[in-house]
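# Residue-level structural notes
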Amino acid sequence: MSESASDVPRLPAADVAAKGSVRSSRFLGRLLRQRSLLIWGTVVGIIALSAVLAPLLSPFDPDTGVLADSFAPPSTEHWLGADRYGRDVLTRVLYGGQVALLAAVQAVAIALGIGVPAGLAIGYAGGWLDRILMRLVDGVMSVPFLVLAIAVIAALGPGLHNAMAVVGIVYAMSVLRLVRGEVLSAKEELYVDGLKVSGAGGPRILFRHILNNIAPPIIVQATLMFATAIVAEATLSYLGLGVTQPTASWGSMLSEAQATIRQNFFLAVPPGIAIFITVLGINQVGEGLRDLFSREITVGRLGLNVVRKTRPTASEREIFAGEPDQPSALEVRDLSVSFPQAGGQRVQVVQNVDLRLRRGELLCLVGESGSGKSVTAMSMLGLVSHPGVVTASSVRLGDEEISGLDFKAMRSIRGNRIGVVFQDPLASLNPTFTVGNQMCEAIMEHRDVPRREARRLTIDLFERVGIPNPELRLDDYPFQFSGGMAQRVMIAMALSCDPEVLVADEPTTALDVTVQKQILDLLVGLRDERGLSILLITHDLGVVAEVGDTVATMYAGQIVESGPVAEVFAQPRHPYTQGLLDSIPRNVAPAGALPSIRGTVPQPIDWPVGCRFADRCDFATDACRRSPVPLAPTVDPGHSTRCVRVDELRLTGIGDEQSQVVAVLSRASGRDGVA
Amino acid sequence: MTGKRQPPTDDVLEVDDLWIEFRGGRKRAWGPRSVVRAVSGASLRLGRGRTLGLVGESGSGKTTIGRAVLRLNAPTRGSITAAGFRVDQFRGAPPARYRRAVQAVFQDPLGSLDPLMEVQQILAEPLRIHFDLESGKRRARVRELLEMVGLSTAHLSRYPYELSGGQRQRVAIAKALAVDPQLIVLDEPVSALDVSVQSQIINLLDGIQRDRGISYLFIAHDLAVVRHASHDVAVMYRGRIMESGPADRVCGTPRHPYTRLLFDAVPNPVPRSMRGPRRANQFDLPLPDIGVEPTPAGCPFITRCPLRGPECATGFPEPTPVPGGGELACFAAERVLQAAATPDLPRKDAT
């Protein structure tokens, strides 16, 4: 398998980290955490403020000087000296700042004023209007802006405003392109369809909804444009196309300094530094805003998170006691995964999980979303994203201990001895290479074989997973494969190095039922014919019943029940498993409301001390909430549960028809019905 | 939704011989554009206060029909009458009265809500568009809507990404209810949710239907869910309606070979060791050789059908009535219905 970042499932780090902070101050909080944005924002603010307050800060007039002070060196009176005409340089730099800022504001305002509405309109309307206007934009953008500026100044006479208007119009073209592109993609969003169905008209959708959603890139673009507009003003003034003498501008100051560079080179330094710091500062602010707006959390190195070995906990219990003594293919003890929390603490999303996958067995890990089943499987393989920390007292693959191994060793194990299949096969394949190419690469990375041999192996594997015409399909690109065929490719890739264990994370969730059946048949065939041990993560108990040998139910980061599928389905020992069984929609004549489990899986930070399922359980008592409930063996061999009332409850299991939970005991409390 | 209720029978939605084609790309630079046929001659009927389940695999055209009813795409031929409006004859945007009568809930509740709006703004939006309410009344109505879908005022100022999948879907339902519609197109409303939450949403939708007499066009690919949620079911395959009829009949005794294949593929929640041995069925046999190449005008299921004959390659059959209610479109209908009377017919081993 390839190790690209896209292979690694997105983990709920953001959710976990975001939880708990007060919502209203979240944006402000994020802003205050952006150190560089704050610093550079302050720098830019000081520059802008001192330019605006120039008349108060400086006693001198920028445009008239005392000839006696001509080329005066820096002194207490003239901090940065004086120029040829005896004008104070600091004063001229400050007033020059005014010109630069005003010019930039003018250019950016024109750019946004033309670009945003036009971009919105043509992006939303599309069709011939879009085609004609975009050709016009292409035309304007293919002329250098200096040529345009000279042409306009020749026609309208010199002046900074004319020149900056040209700059603004040229910038408007790139704003228009950006906005049009953003609108085109925002238009495809489902919420826009939702608004149309709500009866919202074009202008309402555009200005009230789409504009808000595409504002961040426009703001960032405008900020960066502001910086280039300052450079453009300096360039134009330097060339004499901008401000006229004697008005101070950073560009004109540079030009004057150049004329007298032999007498006094220092004069070029203050305006140069002013331009440099201002442009740098504004660009940094732009970058900072971009980070601020990007919702994506900055995840460190994806998939580089190895399992840290911990000492076995004090109560080293033999939870696998009583199980048939069959060699295990993959065995985990005390696996925990934690993510950092906003307040600096860490929250455990998976807690003390023990799992055993026996050789030639198909073990299903089930639970609702948010139960931690995916994280559990990925963490064993070292595929948890960066801020997460994975610990385990032992992870054994066959007879070998693999916890505590470094990333390189884990990588070789993942490719050679454990194959992995993810939910979305097309996202796991690189769209720019043929499928055969990627397969061969994967094989050659782990085995020392020539390409010809790798190709032959690939054809073999494709045949084995039931891809028709493998020789021809080899040269197809991923997009040419249907969902089911792409999943077969992923399975073939996972099998390419003849692994002992296959980990499949929701491999059929995105597929149609008929295709799902084929993929499940394929997995069962691999188990029965090749003795492959498979860990299958799924939320569908129907799938478990079809293919599973053993099942482990997860809830809120813990295993709450595990045992042989037939036994767990016939006689579950945990009310959560029963609830899941009841919720399966079944093809029977409907009788009353569908049973469901009320409420939802709580967030990791809200997990209670006692039984984590207690708040959703119809049988919960005070004893359940008092203290953590251990996973304990039941009377049946190999079947364990995490329920205080295991001896009292008699749950009905899957039964023959859809029936509500019937307990021997009357309901523990008055809480009833579905949420 | 037990089929026991007998709501009035006037139709809220009537789709008649609907064809929807999309223009694809060109094979050569100056060649003609290719045409993708998404829906071919579909006819549907949905009575007031009832639910019509539209099922099929991806690419069957079920979502395309739903979007055509919402006028998010335009039909090529045929007519759609919804809530008394001829949807196929709209020019430009449909009138606001139509938007009040027909609403939608989409599959992906996160994508279908404006990410920058709080729940209260999302729910107030349709009220602002359609009704001239003063802000106090509008706020009261928003609260009432929240309550209707089982959410509390604590959710008012949440953003969609702060809600769980089920809660988001409840907001989407509340938004649809805001304008008091007659018909809601439910496009895979529970497919993205956990099973335990799926049933909560189905039960909620059922309760709303009982209280308000709203009709649902329920588009889904999960057959068992559809049986619980629908009065009638239509099964689609590659743009064609293969079989339709009362939900209990279609799901309980499916007749069309495609419907049977579909139901046979649904995972059975009873573990294998607890079931009887699986009976062999037609799908285990090699397909008969018909000696004719399939054409686009023929039955789309011909490539997988164990009952296929030469006539299936060139034409699509007229629907045949089925005892027990509904119709099926199959040239082998007679054989299918006769076989259904005999016991060695491949029946689903689940129930």
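The residue numbers shown here count from 1 along each chain, following its written sequence. Note on labels: chains are lettered from A, ligands numbered from 1, in written order. Two thresholds apply to this predicted model, a pLDDT of at least 70 for residue-level local features and 80 or more for giving and counting side-chain atom pairs, whereas whole-chain, interface and lining totals are computed over all residues.

### Looking at the overall build of chain B
Here is the rule we go by: A run of H or I in DSSP becomes a helix once it reaches four residues, and a run of E becomes a strand once it reaches two; helices and strands are each numbered from the N terminus. Values of the radius of gyration come from C-alpha atoms, whereas the globule rule sets the reference at 2.2 Å times the count of residues to the power 0.38. Residue pairs are scored as contacts if the distance between their C-beta atoms, which are placed from the backbone, is within 7 Å.
From N to C terminus, chain B includes 10 helices and 12 strands. In terms of overall dimensions, chain B is globule-like: its C-alpha atoms have a radius of gyration of 22 Å, near the 20 Å expected for 351 residues. Each of the three principal axes of chain B carries a C-alpha extent, and together these read 70 × 60 × 40 Å. Relative to all contacts within chain B whose residues are 6 or more apart in sequence, the contacts with residues 24 or more apart total 64%.

### Description of the overall build of chain A
Convention followed: The burial criterion counts other C-beta atoms lying within 10 Å of a residue's C-beta, which is placed from the backbone; the residue is buried at 20 or more, exposed at 12 or fewer, and partly exposed between these limits.
When its secondary structure is counted, chain A shows 24 helices and 14 strands. Across the 675 residues of chain A, 47% fall into the buried class. Looking at chain A alone, contacts between residues at least 24 apart form 70% of all its contacts between residues at least 6 apart.

### Describing the sheet that holds strand 13 (residues 632-633) of chain A
Residue and element names in this part refer to chain A. Selection criterion: Any two strands between which DSSP finds at least two bridges are classified as paired.
Strand order in the open sheet made by the 8 strands is 8-9-10-4-11-12-14-13, with mixed pairing throughout. Sheet topology places strand 8 (418-421) and strand 13 at the edges, where each strand pairs with a single neighbour. Sheet topology places strand 13 next to strand 14 (residues 640-641); 2 bridges connect them, and they run antiparallel. Of the residues in strand 14, the one forming a bridge with Pro 633 is Ser 640.

### Observations regarding the sheet that holds strand 10 (residues 240-246) of chain B
Residue and element names in this part refer to chain B. Operational definition: To obtain each axis, a line is fitted to C-alpha atoms, and for helices this fit is confined to the stretch in contact; angles are then taken between N-to-C directions over 0 to 180 degrees.
One open sheet holds the 8 strands; their spatial order is 6-7-8-3-9-10-12-11, and the pairing between them is mixed. Every interior strand has two partners, whereas the edge strands, strand 6 (102-105) and strand 11 (320-321), have only one. Relative to strand 9 (residues 232-237), strand 3 (residues 51-55) is paired through 4 bridges, and the arrangement is parallel. Across the sheet, the residue bridging to Leu 54 is Ala 234, located in strand 9. Contacts from helix 5 (residues 165-177) reach strand 6 and strand 7 (183-187), with the element oriented near 175° to strand 6.

### Some details on the interface of chain A and chain B
Quick reminder of the rule: Gly falls in the polar group here, along with every residue not listed as nonpolar (Ala, Val, Leu, Ile, Met, Phe, Trp, Tyr, Cys, Pro) or charged (Asp, Glu, Lys, Arg).
Taken together, the contact between chain A and chain B spans 52 residues of the former and 59 residues of the latter. Contributing elements (two or more residues each) for the side of chain A that touches chain B: helix 9 (190-198), helix 10 (202-238), helix 20 (513-530), helix 21 (541-547), helix 22 (565-570) and helix 23 (575-583) of chain A. Top element by residues in the side of chain A that touches chain B is helix 9 of chain A. It accounts for 7 residues. The class makeup of the residues in the side of chain A that touches chain B is 26 nonpolar, 17 polar and 9 charged.

### Let's talk about the nonpolar core
Rules: Any set of buried Ala, Val, Leu, Ile, Met, Phe, Trp, Tyr and Cys residues joined through C-beta atoms within 7 Å is what this text calls a nonpolar core.
In this structure, A:Ala107, A:Ala229, B:Val69, B:Leu217 and B:Phe218 are the most contacted members of the largest nonpolar core, which totals 169 residues. Look past the residues within four positions of A:Ala229 in its chain and what remains in contact with it is A:Ala103, A:Ala104, A:Ala107, A:Val108 and A:Val167. Ranked by size, the runner-up nonpolar core spans 109 residues in total, among them A:Leu357, A:Phe422, A:Ala454 and A:Leu631.

### Observations concerning the environment of A:Leu241
All names here are of chain A. Locating Leu 241 in the fold gives a position in the loop between helix 10 and helix 11 (250-259). For Leu 241 and Cys 440, which are 199 residues apart along the polypeptide, the C-alpha to C-alpha distance reads 61 Å. Sequence-distant contacts of Leu 241, defined by excluding residues within four places in its chain, comprise Ala 149, Ile 150, Ile 153, Pro 158, Ala 163 and Leu 236.

### A closer look at the packing of helix 16 (residues 435-446) of chain A against helix 17 (residues 451-464) of chain A
Residues and elements named next belong to chain A. The following threshold applies: Working rule for angles: under 35 degrees goes down as roughly parallel, over 145 as roughly antiparallel, 65 to 115 as roughly perpendicular, anything else as oblique. For any helix crossing, the convention is left-handed if the near helix is rotated counterclockwise from the far helix by under a right angle, and right-handed if that rotation is clockwise.
At their nearest, the axes of helix 16 and helix 17 sit 9 Å apart, and the two run at 115° to each other. It follows that helix 16 is roughly perpendicular to helix 17 by the angle criterion. Crossing angle aside, the handedness with which helix 16 passes helix 17 is right-handed. Listed contacts from helix 17 to Gly 436, Met 439, Cys 440, Ile 443 and Met 444 of helix 16 are Arg 451, Ala 454, Arg 455, Leu 457 and Thr 458. Split into classes, the residues belonging to the contact of helix 16 with helix 17 amount to 6 nonpolar, 2 polar and 2 charged.

### Description of helix 20 of chain A
As a reminder, the rule being used: Working rule for helices: expected span equals 1.5 Å times residues minus one.
Here helix 20 of chain A spans 25 Å end to end across 18 residues, near enough to the 26 Å set by a 1.5 Å rise per residue. What helix 20 of chain A keeps buried is the set A:Val513, A:Val515, A:Gln516, A:Lys517, A:Ile519, A:Leu520, A:Leu523 and A:Leu526. Residues of helix 20 of chain A that are buried sit in contact with helix 19 (483-495), strand 9 (501-505), strand 10 (533-538) and helix 21 of chain A together with helix 9 (257-265) of chain B. Looking one or two residues past helix 20 of chain A, A:Gly531 carries a phi angle of roughly 70°, positive in sign.

### Here we look at the pairing of strand 6 of chain B
All names here are of chain B. On strand 6, burial covers both faces: Val 102 and Ala 104 on one face and Gln 103 and Val 105 on the other are all buried. Two elements, strand 6 and strand 7, share 4 bridges in a ladder whose sense is parallel. Considered in strand 7, the bridge of Val 105 is made with Leu 186.

### Observations concerning helix 3 (residues 119-130) of chain B
For helix 3 of chain B, every residue scored as buried is listed here: B:Val119, B:Ile122, B:Leu123, B:Ala124, B:Glu125, B:Pro126 and B:Leu127. Contact partners of the buried residues in helix 3 of chain B: helix 9 of chain A together with helix 4 (135-148) and helix 5 of chain B.

### Quick look at the confidence of the model for chain B
Residues and elements named next belong to chain B. Worth spelling out the cut-off: As a per-residue quantity, pLDDT reports the predictor's confidence and falls between 0 and 100.
Looking at chain B, the pLDDT average stands at 86 and 91% of residues meet or exceed 70. Counted against residues more than four places away or in other chains, residues 1-8, with its pLDDT under 50, gives 18 contacts. Between residues 342-351, whose pLDDT stays under 50, and residues either more than four places distant or in other chains, the model counts 19 contacts. Interface scoring of the predicted complex returns ipTM 0.85; its pTM is 0.83.

### Focus: the pairing of strand 4 (residues 362-366) of chain A
All names here are of chain A. The buried count for strand 4 comes to 5 of 5 residues, which makes it a mostly enclosed element. Residue alternation in strand 4 divides its side chains into two sets, Leu 362, Cys 364 and Val 366 and Leu 363 and Leu 365, and both sets are buried. Where strand 4 and strand 11 (residues 550-555) come together, 4 bridges link them in parallel fashion. Paired with Val 366 across the strands is Thr 553, a residue of strand 11.

### Some details on the confidence of the model for chain A
Residue and element names in this part refer to chain A. When the pLDDT values of chain A are averaged, the result is 83; 89% of them are 70 or greater. Below a pLDDT of 50 lies the segment residues 1-24, which in the model reaches 57 contacts outside its immediate sequence neighbourhood of four places, other chains included. Within the model, the stretch residues 657-675 combines pLDDT values under 50 with 32 contacts to residues more than four positions away or in other chains.

### Brief notes about the packing of helix 3 of chain B against helix 4 of chain B
Residues and elements named next belong to chain B. The contact between helix 3 and helix 4 brings their axes to 10 Å, and the two run at 115°. Classed by the angle they form, the pair helix 3 and helix 4 counts as roughly perpendicular. Of the two possible hands of crossing, helix 3 and helix 4 adopt the one that is right-handed. Within the contact between the two elements, helix 3 uses Gln 120, Leu 123, Ala 124 and Leu 127 and helix 4 uses Arg 138, Arg 141, Val 142 and Leu 145. Looking at the contact of helix 3 with helix 4, its residues break down into 5 nonpolar, 1 polar and 2 charged.

### Examining the environment of A:Ala222
All names here are of chain A. Tracing the backbone through its elements, the reader meets Ala 222 in helix 10. Taking the C-beta count within 10 Å as the criterion, Ala 222 has 21 such neighbours and is therefore assigned buried. As a C-alpha pair, Ala 222 and Leu 357 span 135 residues in sequence and 56 Å in three-dimensional space. Those residues within four positions of Ala 222 in sequence are excluded, and the remaining contacts are Val 108 and Leu 112.

### Side note on unusual backbone geometry
Residue A:Asn469 is not a glycine yet carries a positive backbone phi of 50°. Along the chain, A:Asn469 turns up in the loop between helix 17 and helix 18 (470-473). Judged by C-beta crowding, with 10 C-beta atoms within 10 Å, A:Asn469 ranks as exposed. The backbone of B:Glu188 shows a phi angle near 50°, a positive value even though the residue is not glycine. Structurally, B:Glu188 is set in the loop between strand 7 and helix 6 (195-212).

### Re the environment of B:Arg170
Within the secondary structure, B:Arg170 sits in helix 5. For B:Arg170, the residues in contact, after removing those within four places along its chain, are B:Val149, B:Gly150, B:Leu151 and B:Leu204.

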